[in-house]
Amino acid sequence: MIWRLVTPVCSLPPRTPRSVTRNSSSLLEKLRSPTVSDCSALAALVDEGTIVTAEDDPDLLARHNVDWKREYHGRSTVLLRPRTTAELSGILSYCHVERLGVVPQAGNTGLVGGSVPVADEIIVSVARMNQIHGLDRTSGILTCDAGCILSDLHNYTADRDHLVPIDLGAKGSCMIGGNVSTNAGGQYFYRFGSLKGNVLGLEVVLADGTVLDLTNTNRKDNTGYDLKQLFIGAEGSLGIISKINLSCPRLPSSRNTAFLALENFDAVRRTLRLAKAELGECLAAFEFMDRAILDLVSKSRAIPISMDGSTLYPFYVLVETQGSNGEHDSEKMATFLERAMSTLDVVDGILSQDIQQVEEMWAIREACNPAVASEGRVYKYDISIPVSDYYEIVEEMKSRLGPARPDALVVNWGHVIDSNLHFNVTTPGMFEEDPEIVSLIEPYLFESVVRRKGSISAEHGLGQCKNEYLGTLAKSPTAVSKMRAIKQLFDPHYILSPGKYLPAK
Ligand code: FAD
Ligand code: ZN
């Protein structure tokens, strides 16, 4: 199979924690810390090996307390790893009655500190709820547990001529329950659309332990409020997803990938328009990388095209077609490339000849996140921005940061076809958080995004990183107050993910 694992969490260098004081919530004060007697009571509800404390396995507990970027550190003393919905229900029911805070966790690859405790909430990991219940080959509907690793689902469905309609660099570690809870995007969002469209049904365990059965294997179902949508992208704030029904398309029999170099961003915009026009129904992905990120990626892998063998071009795009007729798709890709090069917008490029070359090109794109993460402290931003303003905002931020902090590198990539930019700043060799850099970026960047009619979070969500901006730079006060009412309805004691997602009152 073609998918590979991402860098394991523990290979990254240590970081100092990001300050959480701005996120501290009075809600946390209403919850209590778990005690030895809570552990005994919880142990009685679950199988042996489900409960992990510092006494059992301090390293395992420590790994679950820190996020992928090693930026957010929790202080949880209890990790629970249920295997069944019944165990999960028993755990939540106990925590609800006892006012114990809970953080749902899946693959722990989230980038906004949502999957780790703010203080000492109990970590409930769905990692051991990982059964694949089956794929109906006629309808293409997959049923699986929340703890299935995304790349395992890719392999399982590929063996049955189907694919999972979501793919991202963290696929070797992230889990479908985490993907659904973050409404994750990824590189084929343009092709397959949002998980909000592809998830057909869910089983969710609510904060008080009630099992809410919203499972459904019909593509069409217009009965009542579509409650499952509340949990997709809720980041665990309303319940813990235990089971998923997912619509999976047929595996394409042909894939063509081109890696192209461009001299300026106007050329990227024009090439995107051309790709949509020429590749039409085959166009599956159009990914963007600037020279600054490829400079970092090139430290660990060769970049196949450069100006003179060493100098990189200012911009690169990775374009992919997927279809069911290899000859037809290759012809379309060839016509597109001919036109793109004849306009002089694309100055150099390579086209995959086989699946191995497709993989090699994607490996460059997927190396972006680990490359920047291993460089130094990384300040990651994940914004939606109209393509007309896509790189203009990068130039604006460079002029803001440059004079004050010439040591800060601005590096960018993203799903430009979805207007989604991954804007990153890093300070090579310096792993401590630098308050000057944070204050130069925030809230200035977010305000600029809002002025340009974008979104401050395109894919990664709010977590404990952006929740305080929800009511000021994302949604109206009325919308936030309705969200609070929904939270109150599903989690009246606010035990789930305290201090995250919604802003503190
Ligand atoms: P976790 O990190 O464990 O949890 C994420 C959130 O969901 C947390 O708030 C957690 O409390 C909640 N949660 C987890 N499981 C459940 C559950 N069963 N029920 C309820 N709530 C739950 N994201 C993208 O959208 N697109 C990308 O292209 C992308 N690329 C990435 C590349 C790399 C290298 C890395 C490290 C991350 C990337 N991400 C991307 C971010 C991350 O992988 C996604 O947010 C992913 O969906 C998180 O899944 P997870 O299983 O790791 O969830
Ligand atoms: Zn992304």
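Within any chain, residue numbers begin from 1 and follow the written order of that chain's sequence. Chains carry letters from A onward and ligands carry numbers from 1 onward, assigned in written order. Where totals are concerned, whole chains, interfaces and linings use all residues; where local detail is concerned, this predicted model gives features only for residues with pLDDT of at least 70, and gives and counts side-chain atom pairs only at 80 or more. Excluding hydrogens and water, the side-chain values take into account all heavy atoms of the structure.

**A closer look at the coordination of the zinc ion (ligand 2)**
Right, on to step 1. Protein coordination of the zinc ion (ligand 2) is provided by H415 (NE2), H422 (NE2) and E459 (OE), with donor distances spanning 2.0 to 2.1 Å.
Right, on to step 2. If you list the donors of the zinc ion (ligand 2) from N- to C-terminus, the spacing comes out as H-x6-H-x36-E. You can see H422 sitting in strand β16 (residues 420-428) and its partner E459 sitting in the loop between α17 (444-451) and α18 (470-474), a full 37 residues away along the chain. Both residues of the pair, H422 and E459, belong to the buried class. Because water is not among the atoms used, a metal site may look incomplete, as its donors are only the N, O and S atoms within 2.8 Å, or 3.2 Å for Na, K and Ca. Numbering of helices and strands runs from the N terminus; a helix is a DSSP stretch of H or I covering at least four residues, while a strand is a stretch of E covering at least two. Relative accessibility thresholds used throughout: buried, under 20% of the residue-type maximum; exposed, over 50%; partly exposed, between the two (1.4 Å probe, protein chains only).

**Notes on the sheet that holds strand β5 (residues 132-136)**
Hydrogen bonds between backbone groups are what pair the strands of a sheet, and the pairing can be parallel or antiparallel.
Right, on to step 1. Two strands qualify as a pair provided that DSSP identifies no fewer than 2 bridges between them. Pairing in this open sheet of five strands is antiparallel, and the strands run β5-β6-β9-β7-β8 from one edge to the other. Because the sheet does not close on itself, it has two edges, and the strands there are β5 and β8 (211-214). Each adjacent strand pair in this sheet contributes to an overall mean axis angle of 10 degrees, direction not counted.
Right, on to step 2. Direction of pairing for β5 relative to strand β6 (residues 141-145): antiparallel, over a ladder of four bridges. Pairing of I132 across the sheet is with C144, part of β6. Fitted lines through C-alpha atoms serve as axes, helices being fitted only where they are in contact, and the angles separating the N-to-C directions of these axes extend from 0 to 180 degrees.

**Some thoughts on the site of ligand 1**
Right, on to step 1. Within the structure, ligand 1 sits among 34 residues, and P104, N108, T109, G110 and M175 are positioned closest to it.
Right, on to step 2. Note that an oxygen atom of ligand 1 is positioned 3.2 Å from one of the backbone N or O atoms of E235.
Right, on to step 3. Between a nitrogen atom of ligand 1 and a main-chain N or O atom of G236, the distance comes to 3.4 Å.
Right, on to step 4. Burial of ligand 1 by the surrounding chains reaches 98%, relative to a free accessible area of 980 Å².
Right, on to step 5. At the level of elements, β3 (102-105), α6 (176-182) and β9 (239-247) are the ones that each hand at least two residues to the shell around ligand 1.
Right, on to step 6. Top contributing element to the shell around ligand 1 by residue count: α6, with five residues.
Right, on to step 7. Broken down by class, the residue content of the shell around ligand 1 amounts to 13 nonpolar, 19 polar and two charged. Nearness is judged by heavy atoms alone; a residue qualifies as near a molecule or strand once a single heavy atom is within 4 Å of it. Two N or O atoms count as a polar contact when they lie within 3.5 Å, although within protein this holds only if one can serve as hydrogen donor and the other as acceptor, and sequence-adjacent residues are included solely when both atoms are side-chain atoms. Using a 1.4 Å probe, accessible areas were evaluated by the Shrake-Rupley method; residue-level cover was limited to the displayed protein chains. Three classes are used: nonpolar for Ala, Val, Leu, Ile, Met, Phe, Trp, Tyr, Cys and Pro, charged for Asp, Glu, Lys and Arg, and polar for all others, with Gly counted as polar.

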